[in-house]
Each structure stands twice: as C-alpha cells, then as structure tokens.
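Residues per chain, in single letters:
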Amino acid sequence: MTDSARRPYPALMADGGSAAERRLGVGFGIAAYGAWGTFPLYWPLLKPAGAGEILAHRMAWSLLAVSALLALRRVPGGGTRWGWVRELLATPRKLMLLAGAAAVISVNWFVYIWSVNHGHTVDTAFGYFINPLVTVLFGVLLLRERLRRVQWVAVGIGAVAVVVLAVGYGKLPWIALVLAASFGTYALLKKLAAVPAAESMAVETTLQFLPAVGYMIWLQGHGTLAIGHHGAGNTTLLILAGPVTVVPLICFAAAANRLPLSMVGLLQFLAPILQFLIGVAVQHEPVPAARLAGFLIVWVALVVLTVDALRGARRSQAVASTADSTPDVREGDLAPEPASA
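This structure is a prediction, so every number in the text was calculated from the model and none was measured. (Residues numbered from 1 in each chain as written. Predicted model: local features only at pLDDT ≥ 70, side-chain atom pairs only at ≥ 80, totals over all residues. Heavy atoms only, no water.)

Engineer: Outline the overall build of the protein, listing residues and values.
Structural biologist: In terms of helices and strands, the protein carries 14 helices and zero strands. Beginning at the N terminus, the succession of helices and strands in the protein can be written as α-α-α-α-α-α-α-α-α-α-α-α-α-α. Counting all 341 residues of the protein, 43% fall into the buried class. Put simply, 82% of the contacts in the protein that link residues at least 6 apart link residues at least 24 apart. Surface summary for the protein: the accessible area is close to 17000 Å², and the carbon and sulfur share equals 69%. (Helix = DSSP H or I, 4+ residues; strand = E, 2+ residues; numbered from the N terminus. Buried < 20%, exposed > 50% of the residue type's maximum accessible area, 1.4 Å probe, protein only. Contact = heavy atoms within 4.5 Å. Areas by Shrake-Rupley, 256 points an atom, 1.4 Å probe, with all protein chains shown as cover.)

Engineer: Explain the packing of helix H2 (residues 19-42) against helix H11 (residues 241-256) to me, using residue names and the numbers behind them.
Structural biologist: Two elements in contact, H2 and H11, have axes whose closest approach is 7 Å; the angle formed by their N-to-C orientations is 150°. Taken together, the axes of H2 and H11 lie roughly antiparallel to each other. Regarding H2 and H11, the two cross each other, and that crossing is left-handed. Of H11, the residues touching H2 (which contributes Gly 25, Phe 28, Gly 29, Ala 31, Ala 32, Tyr 33, Ala 35, Trp 36, Phe 39 and Tyr 42) are Ala 241, Val 244, Pro 248, Leu 249, Cys 251, Phe 252, Ala 254 and Ala 255. (Axes fitted to C-alpha atoms, helices over the stretch in contact; angles between N-to-C directions. Parallel < 35°, antiparallel > 145°, perpendicular 65-115°, else oblique. Left-handed = near helix turned anticlockwise from the far one by under 90°.)

Engineer: Lay out a nonpolar patch on the surface in plain terms, naming residues and giving numbers.
Structural biologist: The grouping of Leu 137, Leu 141, Leu 142, Leu 143, Trp 152 and Leu 192 at the surface amounts to a nonpolar patch, some 540 Å² of accessible area in total. Considering the arrangement of structural elements, one finds Leu 141 in helix H6 (residues 121-141). (Patch = residues over 30% accessible without salt bridge, like charges linked within 9 Å, V, L, I, M, F, W, Y side chains within 5 Å. Salt bridge = Lys/Arg side-chain N within 4 Å of Asp/Glu carboxyl O.)

Engineer: For unusual backbone geometry, give the residues involved together with the corresponding values.
Structural biologist: Cis geometry marks the peptide bond from Lys 47 to Pro 48, where omega comes out at 20°. As for its position among the elements, Pro 48 is in the loop between H2 and helix H3 (51-72). Unusually for a residue other than glycine, Ala 194 sits at a positive phi of about 55°. One non-glycine residue with positive phi stands out, namely His 284, at about 55°. Residue class for His 284 comes out exposed when judged on its relative accessible area of 62%.

Engineer: Tell me about the side chain of Glu 53, and please be specific about residues and values.
Structural biologist: Following the sequence through the fold, Glu 53 ends up in helix H3. Despite its burial, Glu 53 pairs with no opposite charge; the closest candidate is Lys 47, at 13 Å N-O. Within polar-contact distance, the side chain of Glu 53 engages the backbone nitrogen of Ala 226 at 2.9 Å. Setting aside anything within four residues of it in sequence, one finds Glu 53 in contact with Tyr 215, Leu 219, Thr 224, Leu 225, Ala 226, Ile 227 and Leu 238. (Lys, Arg positive; Asp, Glu negative; His and termini not counted. Polar contact = N/O pair within 3.5 Å; in protein donor to acceptor, adjacent residues only side chain to side chain.)

Engineer: Would you mind going over helix H5 (residues 92-117) in detail, with residue names and values included?
Structural biologist: Between its first and last C-alpha, H5 extends 37 Å over 26 residues, near the 38 Å set by a 1.5 Å rise per residue. Note on H5: the residue one or two positions beyond its end, Gly 119, has a positive phi of about 80°. (Expected span 1.5 Å × (residues − 1).)

Engineer: If you had to explain the side chain of Ser 182 to someone new, which residues and values would you point to?
Structural biologist: Mapped onto the elements of the fold, Ser 182 is located in helix H8 (residues 174-193). Given the relative accessible area of 7%, Ser 182 is considered buried. At 2.7 Å, the side chain of Ser 182 forms a polar contact with the backbone oxygen of Val 178. In this view, Ser 182 contacts Val 104 and Asn 108; residues no more than four positions away in its chain are not counted.

Engineer: Account for the packing of aromatic side chains, naming residues and giving values.
Structural biologist: Evaluated as defined, the whole model comprises 16 aromatic pairs. Look at Phe 183 and Tyr 186: their rings are 5.9 Å apart centre to centre, the planes differ by 45°, and that puts the pair in the tilted class. You can see Phe 183 and its partner Tyr 186 sitting in helix H8, three residues apart, about one turn around the helix. Taking the relative accessible area as the measure of exposure, Tyr 186 reaches 7% and is therefore buried. Put simply, the rings of Phe 126, Phe 129, Phe 276, Phe 295 and Trp 299 pair up and form one aromatic cluster. (Phe/Tyr/Trp six-rings, centres within 6.5 Å; stacked < 30°, edge-to-face > 60°.)

Engineer: Requested: an account of the nonpolar core, with residues and values cited.
Structural biologist: Ranked by internal contacts, the top residues of the largest apolar core, which has 54 residues, are Trp 43, Ile 54 and Tyr 112. Elements that contribute at least two residues to this core include exactly H2, H3, helix H4 (83-89), H5, H8, helix H9 (197-221), H11 and helix H12 (261-267). Those residues in contact with Trp 43 that sit more than four places away from it in its chain are Ile 54, Arg 58, Tyr 112, Ile 113, Val 116, Asn 117 and Ala 241. Among the nonpolar cores identified, the runner-up in size contains 25 residues, and Val 134, Val 162, Ala 176 and Val 298 belong to it. (Core = buried A, V, L, I, M, F, W, Y, C linked by side-chain atoms within 4.5 Å.)

Engineer: Describe the packing of helix H10 (residues 231-239) against H11, and please don't skip the residues or the numbers.
Structural biologist: Packing of H10 against H11 leaves a shortest axis separation of 4 Å and a crossing angle of 30°. Here H11 runs roughly parallel to H10, going by the angle between their axes. Each of Leu 237, Leu 238 and Ile 239 in H10 lies in contact with H11, whose residues at this interface are Ala 241, Gly 242 and Pro 243. Residue composition of the contact of H10 with H11, grouped by class: five nonpolar, one polar and no charged. (Nonpolar A, V, L, I, M, F, W, Y, C, P; charged D, E, K, R; others polar.)

Here is the structure:
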C-alpha cells in the first residue's frame, strides 16, 4: 500500500511543507463561507425583482459564469476541454442524480432569497446551523452509516432545539427545516454523483437554464420583469447573481481539496453566524426568548458534534502516523472506523 493511499489527507498533514497549502485552504474556506454568510446583504439590493425573478437570474447567469470558467481553465495532460461531457452523458445515473440536485438546490435558493427579502434572515441562519445535524441523520438513514454515542447525543440535542422553536413560534420553523433538508439532500446527491464542482455546477445550471429563461419571458409578457426596467445599477446587480453564486462554490471546492473535513466542518459555521448577526444587527429582526433558547440549544449540539469531529481527526492522524512508521503493514491491517457524517 502506498504512502499516499494510507493517509486520509496525504497533502494536508502537518509534515513536509503542507502548512502553506493548509493556510491557502483556510483562506479559500473563509472566502466561501464568508460570501455565503453575507448574502443577506446582497439579495435585498436586487429589488424590485421578486424572489422568483432573482432565482431565475441566479440560474441563468450562473450557467454563463461557470461555462466561461470551464472554457478558460487549462486542461492538464493535453486532454480535451469538454471531454468530461461525453463521459457524463455515458453515465445516466450521474445525470439523474445531478438533475435531482438541480431541483432541490432550486428550492433551497428560492426559500433562502424569499426569506431574506421578507425579514426572516435569522430563520435562515437557524436552518444552516441545524444542517450538519440533518447531514448526520441522512448518513444514518440513507447511507447506513453508524454513529458514535456522542453523535447521537448531538442529534438528540438538535431535535430538542427544533421542538423549543416550534413551541415558541406556535408552528414548525418551516423555513429552517426546508433549508436544512434541501441543502442536506443536495449534498447527498452530489456526493453520490461524485462529479467535480465546476462540472456538476455546469450540468445543474444547464438543466435550470430553460425554465429560468421561460419564467423571465413570462414575467416580461405580464409587464413585471425587473431587469432592464429599473436602471443600469439594478440590471448589473441581477447579472452579477451568476458570478456571486459560482465564485464561492469554486472557493469551497479549493478549500475542501486542501483541508481535512473536520476543519471544513468548523469553517461552515461562519456562514450562519454571519447571517444571524446581519439579521439581528443590520436588519433588526426580533429574537424573542423562545427563539434565542432554540439557538442556544442547537449551538450546544454543534459544540458536541465539533468536539467529536476534532477528536476523530486526531485519531485518524495518529493512525496515519503509525502506519507511516511501519513499512511492512498490509492494506487489510488498517480497517477504517465505521463511517460517520
């Protein structure tokens, strides 16, 4: 078994010049999650466009942005620039998975844009706080992964937080639940498809493009299309919805390629923290006692989950270090721990 195959993150260990790559990965991660966290400041700028039109622009201009990115990037080894398209078309299962991903991320984007533009930014923050717990549950229910006791405790605490919020609201916190469930499903489908970030984004936005353009044509026919009718500034901001969507995804992919998943998991909390602060400090949304209690409880769950993830990462590094110092180890001697989210 080779040295790189034994290590869980061969280019990211503390030895041998990985520090620069790790710092670069952290920078990309902060850029990605920082951008996602400040989206609540951007979407209201696109008014008077409604949530549906903003979603359509996000889909259509994202396709153009990611297509330009793919056209400009260098292909290693002299391969064809669009050879991946032929390979993907020969794999109907992956296409179906990406079609499902395009559908659920459309739901996620619409609910998120509508919520931010209607004074529910704090609710969106709660959705992305509980998203890691939803991901854990999907791993158990759909991928038959086994959780450690501490992870079950975190999931239980998260369920209590949802109940507390439901009691405080007098109804289920549907915005948070829809956002968490849709993004969790999106991540699951993308994981099963196993297509690189830019290529999968190109497929998803291709599938979204015609419905998006069709909806804008329908709006124009009813005289309610915003783009082109409210000044150059509004038009420019609507067009920029594409790059604003694509750039953080590329930064996220660059971070994920350079960092252990445990560190990526820590960085992901930056986005909902920023969303929460924007909702409270900038948009002046009320946070009654019941809602604050729900947030505090879910933060406890996330601390438990994070501590367990960090301990697991340290154990993995210890196993990798031991394997590196034992040259005659056989591939079957290092059985991986039970999979967990």
